[in-house]
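Next come the chains, spelled out residue by residue.
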Amino acid sequence: MKEKYICLTGLIFIMLLCFCACEKPGTVQPGKIQLGVAYYNQNDTFLSQLNECLKDQLDRLETDNFEVIMTTRDAAGSQRTQDDQVKELIDAGCNVLCVNLADRTDPSEIIDLARENDVPIIFFNREPVAEDMMQWDKLYYVGADAQLSGILQGELAADAIRSDKKTDRNKDGKIQYVVLEGEPGHQDAIIRTESAVNTLKKGGIQLEKLSCGIANWNRSQAQNRMLQMISQHQNQIELVLANNDDMALGAIDAYEKLNYTESALPVFFGIDGTDAGLQAVLDGKMTATVYNDKEGQAQAMAELAAAVVTGKGMEEIEFVNGRYIYLSYYKADKEHADAFVK
């Protein structure tokens, strides 16, 4: 009898070991968040600062009984690389993912991997198309409305032009402008540009477009594009609209490299409110930027990650259409930029 009891106990123990060993990746552990964060490119200044905010928010969630582990990956702009990295994160045991898509039109492989392993995904900053968000009920998005950022940029530019007649340096009644755009065909880049220009026109500003350059959200690329546009249009450029702060700063760098006097400079407008962008506004180099609430987005991502892992707190989160969380943008001109500096 004793031998049978020992054998039965041993058999149960082996079965338990097998069950634990076969536990699939992404199995929820209520006392632990193992968060995998996949970035399209961590060289992006805004995303780098958002990442620091997310770390701070996750640290606040930790208690003696609740552990938070965050693992990040950088796809360097490649969706293929990001697909592989997401698989690695899931295989490593991540029970929730935050994904900043390299290609917002191609999330299917990532979604399939997550669904197969029951790992919820919080997309952020680069919004998937609506059809892809409907592929599974554990897909969420945290970000901001690109159209609003363009509207606010347009309003800031219109106010600055109306308040300073010297902006129209050639006094022809029109503002000659150029645009520095993010990626070719990128939704946010297109929407930011269109809504900024349309807002200026609705505000009664007469515009003449001189040129548009793609700079991939990058400061050094924007400097090169701006140097090309200056060589083509000389002193004609009166306004520079940039889809983000890094590109606005690159445009300023171009003029500084050419030693333009202050009276010959156009007015510059960015979007994102990065640390460097806000400082440029305070220093009077950039006329204004539009603040993208990275602290609010990081908090929303952290709280949502905790809720989907533990199953607690989902009812307290304010969703749009059941799965979207949108944070607002804010105007940051010289008068208000200081409020957003860390």
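Located above this text is the structure these notes cover.
Residues numbered from 1 in each chain as written. Predicted model: local features only at pLDDT ≥ 70, side-chain atom pairs only at ≥ 80, totals over all residues. Heavy atoms only, no water.

Draft legend 1. Inspection of a negative patch on the surface at higher detail. A cluster of like negative charges, contributed by Asp56, Asp59, Glu62 and Glu67, occupies part of the molecular surface. With respect to the helices, strands and loops of the structure, Glu62 is situated in the loop between α2 (45–61) and β2 (67–74). Using a relative accessible area of 37% as the deciding quantity, one classes Glu62 as partly exposed. (Patch = residues over 30% accessible without salt bridge, like charges linked within 9 Å, V, L, I, M, F, W, Y side chains within 5 Å. Areas by Shrake-Rupley, 256 points an atom, 1.4 Å probe, with all protein chains shown as cover. Salt bridge = Lys/Arg side-chain N within 4 Å of Asp/Glu carboxyl O. Lys, Arg positive; Asp, Glu negative; His and termini not counted. Charge placed at Lys NZ, Arg CZ, Asp CG, Glu CD. Helix = DSSP H or I, 4+ residues; strand = E, 2+ residues; numbered from the N terminus. Buried < 20%, exposed > 50% of the residue type's maximum accessible area, 1.4 Å probe, protein only.)

Draft legend 2. Local environment of the pairing of β2. Where strand β1 (residues 32–39) lies against β2, 8 bridges are found, and the strand directions are parallel. Across the sheet, the residue bridging to Leu35 is Met70, located in β2. Once the chain exits β1 it traverses α2 before rejoining the sheet at β2, and the crossover so formed is right-handed. (Pairing = 2+ DSSP bridges. Right-handed = clockwise from strand over helix to strand, strands pointing away.)

Draft legend 3. Structural detail: the packing of aromatic side chains. Applying the stated criterion to the full structure yields 9 aromatic pairs. Centre to centre, the rings of Tyr255 and Phe268 are 5.7 Å apart; their planes meet at 75 degrees, and the pair counts as edge-to-face. Of this pair, Tyr255 sits in helix α9 (residues 245–257) while Phe268 sits in strand β9 (residues 267–269), placing them 13 residues apart in sequence. One aromatic cluster in this structure is built from Tyr141, Tyr324 and Tyr326. (Phe/Tyr/Trp six-rings, centres within 6.5 Å; stacked < 30°, edge-to-face > 60°.)

Draft legend 4. Representation of the packing of helix α8 (residues 219–233) against α9 in the model. Remark: α8 packs on α9, axes separated minimally by 7 Å, with the N-to-C direction vectors making an angle of 50 degrees. One element, α8, and the other, α9, form an angle in the oblique class. For α8 against α9, the interelement crossing comes out right-handed. Between α8 and α9, the contacting residues are Arg219, Ala222, Gln223, Met226, Leu227 and Ile230 on the first element and Asp246, Met247, Leu249, Gly250, Ala251, Asp253, Ala254, Tyr255 and Lys257 on the second. (Axes fitted to C-alpha atoms, helices over the stretch in contact; angles between N-to-C directions. Parallel < 35°, antiparallel > 145°, perpendicular 65-115°, else oblique. Left-handed = near helix turned anticlockwise from the far one by under 90°. Contact = heavy atoms within 4.5 Å.)

Draft legend 5. How the structure looks around the nonpolar core. In this structure, Leu54, Leu180, Met226 and Ile237 are the most contacted members of the largest nonpolar core, which totals 61 residues. In terms of residue count, helix α11 (residues 294–310) provides more of this core than any other element does, 10 residues in total. Look past the residues within four positions of Leu54 in its chain and what remains in contact with it is Leu35, Val37, Tyr39, Met70, Ala298, Met301 and Ala302. Grouped together as the second largest cluster of nonpolar side chains are 23 residues, Ala144, Leu207, Ile271 and Val290 included. (Core = buried A, V, L, I, M, F, W, Y, C linked by side-chain atoms within 4.5 Å.)

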